[in-house]
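Structure at a glance
Below are the chains, spelled out letter by letter.
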Amino acid sequence: MSVKAFELVPAVGREQVMGDKVRINIECIECCGNHLYLGTNDCFIHHFLLEEHTKAKGKLAYNAQKLLHKYLGLKKPVLELKATSALERLIVLCDSTITVVNMVTLEPVPTGGIKLKSVTAFCINENPVTGDPFCVEIAVVSARRRAVQICLVYEDRVQMVKEVTTSEQPCALSLDGYFICLALSTQYMILNYNTGASQELFPYNCEERRPIVKRIGREEFLLAAPGGLGMFANAEGISQRAPVSWSENVIAAAVCFPYVVALDEGFVTVHSMLDQQLKQTLSFRDGHLLQDFEGKVVLASTKAVYILVPLPLERQIQDLLASHRVEEAMTLTEAAQRNIPKEKYQKLHKRILQQAGFIHFGQLRFLEAKEHFRKGQLDVRELISLYPLLLPASSSFTRCHPPLHEFADLNHLTQGDKEKVQHFKRFLISYLHEVRSCDSANGCREDVDTALLKLYAETGHESLLDLLASDNACLLADSAPWLEKHHKYFALGLLYHYNSQDSAALQMWIKIVNGDLQDSTRTDLFEYIVDFLIFCSNPDLVWRHADWALQKDQKIGVHIFTRRPVSEDKMGRLNPDDVITYLQKHKQALLLYLEHLVLEKKLQKEKYHTDLAVLYVDQVLSLTSQPSATNEQLSATRQKLQRLLKESSLYQVRLLLSKIQDSELLLAERATLHGKLEEHDKALHILVHQLKDSPAAEEYCSWASGSQDQVYRQNLFHQLLSIYLDPDVPGGPQTIAAVDLLNRHAEDFDAVRVLELLPGEWSLPLLRPFLCGTVRASVHARYTSQVAVRLARAENIQLKHDRLKYRGGPIVVSEKKGCRLCHNTFSEPDCVCLPGGTPVHIHCVTKKAQVLPAERPQESAHYSNHT
């Protein structure tokens, strides 16, 4: 695949070299800076000064000014020229002899030391090992013997330092450090002249074709191999690069990284060292010489000289990108790193990656595009700007110049193909989502989030709500109209909420629930609004919208008050009394709220308990008057009322009693209220005679005496027994109920009192369970009391023993004996004995205990024992 890497520019014309002499041919060339030296077949050296200048359209041109020419006087062609700028010398091979001339005057310079004659070839060591800047190392091939001589060329002498023999006559060579790469008669080899080690490379017939041995870098050489290949070899004889495929008739080669330039009889070919592909072909007839000098490639025919001017790598890369050859462009870019300053390369590399990403993007190769955008650190707004109307109107972004791509916008890119448009939008959604999660969106977060919101809304993407519910930078002014346009009213409410406009958010959601706006995003939007108000910290907003929620559904709407979290902020708290007042017109909600206060939060306030009980009573009375009310509803409400009446002690008993006094349905509740007033006879009368519910009467006795002592409990059960046995009530005594009561609750009766109450005609077998239980309880109580008495006696004996154990001998106190603490004598027998039996005054010990509280426990432990 072709790319224009070089331009062929004339440097020295035919008339400047030969004038009017037809038979003059160029034999060798050398270039040092802007100085060009030519060796001709008539034994002349020509010296030119090359001046660069730029023509129209930025093209480079050369003017060659001839400074001097010099005849060497040997009548032989000048075969090789090598310049040494440090010595200002030119090493010349002519008539098999190496001579040294001055670079400026071209006059021969006398040199001492050895004379280098019978030389067929030589080369300069471009990686010298001597370290002397005023010395040039050269390797010389002698025609008289199979050997390579290593010589040092000084300003005034030539010195041979080593001679290395070879198995065959060398034809060409190149030198790098201690390594000589040789083309022998039949093969190539690498030779270390310092150690004598050698490595054969591959066969080559020098008689058939001219060998090429070219140093291309540190310890690396380019060789012409059989089959039209350019082989690379390092000092170890290993090829670390794939070979270049060039013509079978290549006569010369040069390297200008990353290219290998080859010359054959009719063409100059340019090959990449990176992918070994042919990149450019230039027609060039009568090509004779091709050499590179410090990045400058010089090409010569027998009559004229040309410069192969490399195009800037940036231009080559741009040409490759323009041809959509992304991989080649990236390869060339990475190779250019060695020739470009670090900062400039980093900037170039990022731009090339971005351009490559847009090329892949246009080809719908989104994975590759995303990777190049990521590595190139693309300003994501370059991508967003391709999508019409996605960037906010307030964005100050302008596209990069020169542009990174050739697209006007998405419409130009897709040409109206709706399927492609969707592909591009899905890619942008994916890419923006990744950008948001990393730091690459810094500085343009508003543009990214706003664009993402618009894409989500337009495509109906499920992540729209996640975006708005999380931390985001969506611009309200741009996003709100877009959401309205696409009927995303619930999302618009979320956007208002995120921007602290809760009132606007609630109004939007209420319109959806009321049917004024159509949005099916959430089927449970009413519950969502209630939850929103539950956690709303603005009481005014709660009061303003709670009525709407209660009108919709009192059972759910009251959650605004019952599920409200405890707020540490006083501004966010709701006073229960205010809530109760607010709920007066919503009876069901009021009932649920009072249940929350009394049964869940356990608030001990008489008003709440009374109001709840009254509501229960009203609800029961209301249900009894409704033909449609079911027994289950009535039973459930009565159970709630009965539970409250029994468990609570804070409501107004007489108020409730007055409300249900005339109700024949709420007799059990009346009995409970009489019990709260300690009117057990009335309560039991209702249960036994009006309700005729013996189990309820027994349960009442257990409940009413639950927090009382055993005597109170016995009196209550005896009262119930007396009612059962009362002969004056209609229907006479309830013998069966009385027997069952005694047999089930034998432990709650005083047997003596019971026997006094029972009629004499009752048979003992009828009361056998009661009597057995009573006797068993009495015997158990007797034995238990006996055990307790004996345990108490044992404990008393143990205490007496301990007292005797700790009591010491007699303590003698007299008027002559003094207190150890104050040293005063005793005037009375009362004293305290310190450990060791020493008596002291009581008041002295008290003072000491106040001063030294830490000693108090030890001393007080002996007061009772030694006083």
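Nothing here was measured: the structure is a model prediction, and the numbers come from that model. (Residues numbered from 1 in each chain as written. Predicted model: local features only at pLDDT ≥ 70, side-chain atom pairs only at ≥ 80, totals over all residues. Heavy atoms only, no water.)

**Notes on the overall build of the chain**
Operational definition: Labels follow the DSSP assignment, with helices taken as runs of H or I lasting at least four residues and strands as runs of E lasting at least two, numbered in each case from the N terminus. C-alpha atoms define the radius of gyration in this analysis, and the globule rule sets the expected value at 2.2 Å times the number of residues to the power 0.38. Two residues form a contact once any of their heavy atoms are found within 4.5 Å. To measure how exposed things are, a 1.4 Å probe is used in the Shrake-Rupley method; for residues, cover is taken only from the protein chains shown. Under the counting rule used here, the positive set is Lys and Arg, the negative set is Asp and Glu, and His together with the chain ends is not counted. Each charge is placed at NZ for Lys, CZ for Arg, CG for Asp and CD for Glu.
Check the secondary structure of the chain and you find 32 helices and 30 strands. Relative to the globule expectation of 29 Å for 867 residues, the C-alpha radius of gyration of the chain, 58 Å, shows a markedly less compact shape. For the chain, the share of sequence-separated contacts (at least 6 apart) that also reach a separation of at least 24 residues comes to 48%. In the form shown here, the chain has an accessible surface area of approximately 45,300 Å², with 50% of it arising from carbon and sulfur atoms. Side chains of the chain carry 96 positive and 103 negative charges; the gap between the two charge centres is 4 Å.

**Side note on the packing of aromatic side chains**
The line we're drawing: Only Phe, Tyr and Trp rings are paired, with Trp represented by its six-membered ring, and only when their centres lie within 6.5 Å; those with planes under 30 degrees apart are stacked, over 60 edge-to-face, the remainder tilted. The buried label goes to any residue with under 20% of its type's maximum accessible area, the exposed label to any with over 50%, and the partly exposed label to all in between, with areas taken from a 1.4 Å probe on protein chains only.
Applying the stated criterion to the full structure yields 27 aromatic pairs. Look at tryptophan 543 and phenylalanine 561: their rings are 5.9 Å apart centre to centre, the planes differ by 35 degrees, and that puts the pair in the tilted class. Placement of the pair is tryptophan 543 in helix α15 (residues 539-552) and phenylalanine 561 in helix α17 (residues 559-562), with a sequence separation of 18 residues. Judged by its relative accessible area of 24%, tryptophan 543 is partly exposed. Judged by its relative accessible area of 5%, phenylalanine 561 is buried.

**Some thoughts on the packing of helix α4 (residues 342-362) against helix α5 (residues 366-375)**
Quick reminder of the rule: Working convention: axes come from line fits to C-alpha atoms, limited for helices to the stretch in contact. Angles between N-to-C directions cover 0 to 180 degrees. Angular relationships are summarised with four words: roughly parallel below 35 degrees, roughly antiparallel beyond 145, roughly perpendicular across 65 to 115, and oblique for the angles in between. Note on convention: the crossing is left-handed when the near helix lies turned anticlockwise from the far helix by less than a right angle, right-handed when the turn is clockwise. Nonpolar residues are Ala, Val, Leu, Ile, Met, Phe, Trp, Tyr, Cys and Pro. Charged residues are Asp, Glu, Lys and Arg, and all others, Gly as well, are polar.
Two elements in contact, α4 and α5, have axes separated by 8 Å at closest approach and are oriented at 160 degrees. In terms of orientation, α4 lies roughly antiparallel with respect to α5. Here α4 and α5 pass one another in a crossing that is left-handed. On the side of α4, the interface is formed by Leu353, Gln354, Ala356, Gly357, Phe358, His360 and Phe361, while α5 contributes Phe366, Glu368, Ala369, His372, Phe373 and Lys375. Its residues placed into classes, the contact of α4 with α5 shows 7 nonpolar, 4 polar and 2 charged.

**A short note on the environment of arginine 338**
Structurally, the position occupied by arginine 338 is in the loop between α3 (326-335) and α4. Measuring from C-alpha to C-alpha, the distance between arginine 338 and histidine 685 comes to 111 Å, with 347 residues separating the pair along the chain.

**Things to note about helix α11 (residues 476-485)**
Here α11 has its buried residues at Asp478, Ser479, Ala480, Trp482 and Leu483. Its buried side turned inward, α11 meets α9 (445-459), α10 (464-469) and α12 (489-498). Positive backbone phi, approximately 60 degrees, marks histidine 487, located one or two places after α11.

**As for the sheet that holds strand β27 (residues 296-301)**
Stated formally: A pair of strands is treated as paired once DSSP finds two or more bridges between them.
Taken in spatial order, the 4 strands line up as β1-β28-β27-β26 in an open sheet, and their pairing is antiparallel. Looking at which strands have only one partner, the edges of the open sheet turn out to be β1 (6-12) and β26 (287-293). Strand-to-strand, the axes of this sheet are offset by a mean angle of 25 degrees, without reference to chain direction. Bridging between β1 and strand β28 (residues 305-310) involves 6 bridges; their strand directions are antiparallel. Within the sheet, the bridge partner assigned to valine 9 lies in β28 and is isoleucine 307.

**Observations concerning the pairing of strand β13 (residues 157-165)**
Pairing geometry for strand β9 (residues 112-113) and β13, over 2 bridges, is parallel. Bridge pairing links glycine 112 to arginine 157 in β13. Summarising the sheet, strand β12 (residues 147-153) and β13 pair through 7 bridges and their orientation is antiparallel. Paired with isoleucine 150 across the strands is lysine 162, a residue of β13. Where β12 hands over to β13, the hairpin turn is made up of 3 residues, counted between the paired strands.

**Some details on helix α26 (residues 710-725)**
What counts here: Here, expected helix span is obtained from the residue count minus one, scaled by 1.5 Å.
With 16 residues, α26 extends 22 Å from end C-alpha to end C-alpha; this agrees with the ideal 22 Å at 1.5 Å per step. Turning to α26, its buried residues number three or more, namely Arg713, Gln714, Leu716, Phe717, His718, Leu720, Leu721, Ile723, Tyr724 and Leu725.

**Here we look at the pairing of β27**
Counted residue by residue, β27 has 6 buried out of 6 residues, so it is predominantly covered. Side chains of β27 alternate between two faces, with Lys296, Val298 and Ala300 and Val297, Leu299 and Ser301 buried alike. Connecting the antiparallel pair β26 and β27 is a turn made up of 2 residues, with glutamate 294 showing a positive phi of about 50 degrees. With 4 bridges connecting them, β27 and β28 associate as antiparallel partners. Opposite valine 298, over in β28, you have isoleucine 307 as the bridge partner. The turn linking β27 back onto β28 is made up of 3 residues.

**A short note on the environment of valine 840**
Within the secondary structure, valine 840 sits in strand β30 (residues 838-840). Look at valine 840 and you get buried, because its relative accessible area is 0%. Residues within four places of valine 840 in sequence aside, it is in contact with Cys819, Arg820, Leu821, Phe826, Cys831, Val832, Leu834 and Val845.

**Observations concerning a positive patch on the surface**
For clarity, the cut-off: A residue counts toward a patch only above 30% relative accessible area and without a salt bridge, and it is joined to like-charged neighbours within 9 Å or, for Val, Leu, Ile, Met, Phe, Trp and Tyr, to nonpolar neighbours within 5 Å. Salt bridges are defined as contacts in which a side-chain nitrogen from Lys or Arg sits within 4 Å of a carboxyl oxygen from Asp or Glu.
On the surface, Lys55, Lys57, Lys59 and Arg315 cluster together to form a positively charged patch. Among the structural elements, lysine 59 can be located in the loop between β4 (44-54) and β5 (60-71).

**Comments concerning the nonpolar core**
Selection criterion: The set of buried Ala, Val, Leu, Ile, Met, Phe, Trp, Tyr and Cys residues whose side-chain atoms join them within 4.5 Å is what this entry labels a nonpolar core.
Formed by 102 residues in total, the largest nonpolar core has its most connected members in Phe361, Leu383, Trp509 and Phe561. It is helix α20 (residues 606-624) that provides the largest number of residues to this core, a total of 9 residues. Not counting residues within four places of it along the chain, the set of residues in contact with phenylalanine 561 comprises Val542, Trp543, Ala546, Leu550, Leu574, Val579, Tyr582, Leu583, Tyr593 and His596. Within the second largest apolar cluster, 33 residues are counted, among which are Ala254, Val268, Val326 and Ala356.

**Some remarks on the side chain of aspartate 547**
Filter applied, for reference: Within 3.5 Å is the distance limit for a polar contact, defined as a pair of N or O atoms, with the added protein rule that one can donate a hydrogen and the other accept it, and that residues adjacent in sequence qualify only through two side-chain atoms.
As for its position among the elements, aspartate 547 is in helix α15. Of the polar contacts made by the side chain of aspartate 547, one reaches the side chain of histidine 586; its length is 3.0 Å. Apart from the residues within four sequence positions on either side, aspartate 547 is in contact with Tyr582, Lys585 and His586.

**Section: the sheet that holds strand β20 (residues 229-234)**
In spatial order, the strands read β18-β19-β20-β21; together these 4 strands make up an open sheet with antiparallel pairing. The open sheet has two free edges, formed respectively by β18 (213-217) and β21 (244-245), since each of these has just one partner strand. The pairing of β20 with β21 spans 2 bridges and is antiparallel. Bridge assignment links leucine 229 to a residue of β21, and that residue is serine 245.

**Quick word on the confidence of the model for the chain**
Put simply, the test is: pLDDT is defined as a per-residue confidence score from the predictor, taking values between 0 and 100.
Per-residue confidence for the chain gives a mean pLDDT of 88, with 96% of residues at or over 70. Ignoring residues within four places in sequence, the model shows residues 854-867, a span with pLDDT below 50, making 18 contacts including any to other chains.

**Some details on unusual backbone geometry**
Leave glycine aside and you will find that most residues have negative phi; peptide bonds, for their part, are mostly trans. Going from phenylalanine 257 to proline 258, the amide bond is cis rather than trans, its omega being 5 degrees. Here proline 258 shows up in the loop between β22 (252-256) and β23 (259-263). Of note, the bond from histidine 401 into proline 402 is cis; its omega dihedral lies within 30 degrees of zero at 0 degrees. Here proline 402 lies in the loop between α6 (380-384) and α7 (410-414).

**Looking at the pattern of salt bridges**
Enumeration over the complete set of coordinates arrives at 37 salt bridges. Between glutamate 163 and arginine 145 there is a salt bridge; the shortest N-O distance is 2.9 Å. One end of the pair, glutamate 163, is in strand β13; the other, arginine 145, is in the loop between β11 (136-142) and β12, and 18 residues separate them in sequence. A single network of salt bridges, built from pairs that share partners, joins Asp275, Lys279, Arg325 and Glu328.

**So, the state of the cysteines**
Here is the rule we go by: Throughout, a disulfide means two cysteine sulfur atoms within 2.5 Å of one another.
Inspection of every chain in the model, using the stated rule, returns 0 disulfides. Take cysteine 123: it sits in no disulfide, and the sulfur closest to it among the cysteines is that of cysteine 181, at 9.9 Å. Of the residues examined, cysteine 123 reaches a relative accessible area of 8% and is grouped as buried. Sulfur of cysteine 151: no disulfide; nearest cysteine sulfur belongs to cysteine 135 and is 10 Å away.

**Describing the packing of helix α25 (residues 694-704) against α26**
Their axes nearest at 9 Å, the elements α25 and α26 cross at an angle of 160 degrees. Taken together, the axis directions place α25 and α26 in an arrangement best described as roughly antiparallel. Where α25 crosses over α26, the handedness of that crossing is right-handed. In this structure, α25 contributes Ser694, Ala697, Glu698, Cys701, Ser702 and Ala704 to the contact, and α26 contributes Tyr712, Arg713, Leu716, Phe717, Leu720 and Tyr724. When its residues are assigned to classes, the contact of α25 with α26 shows 8 nonpolar, 2 polar and 2 charged.

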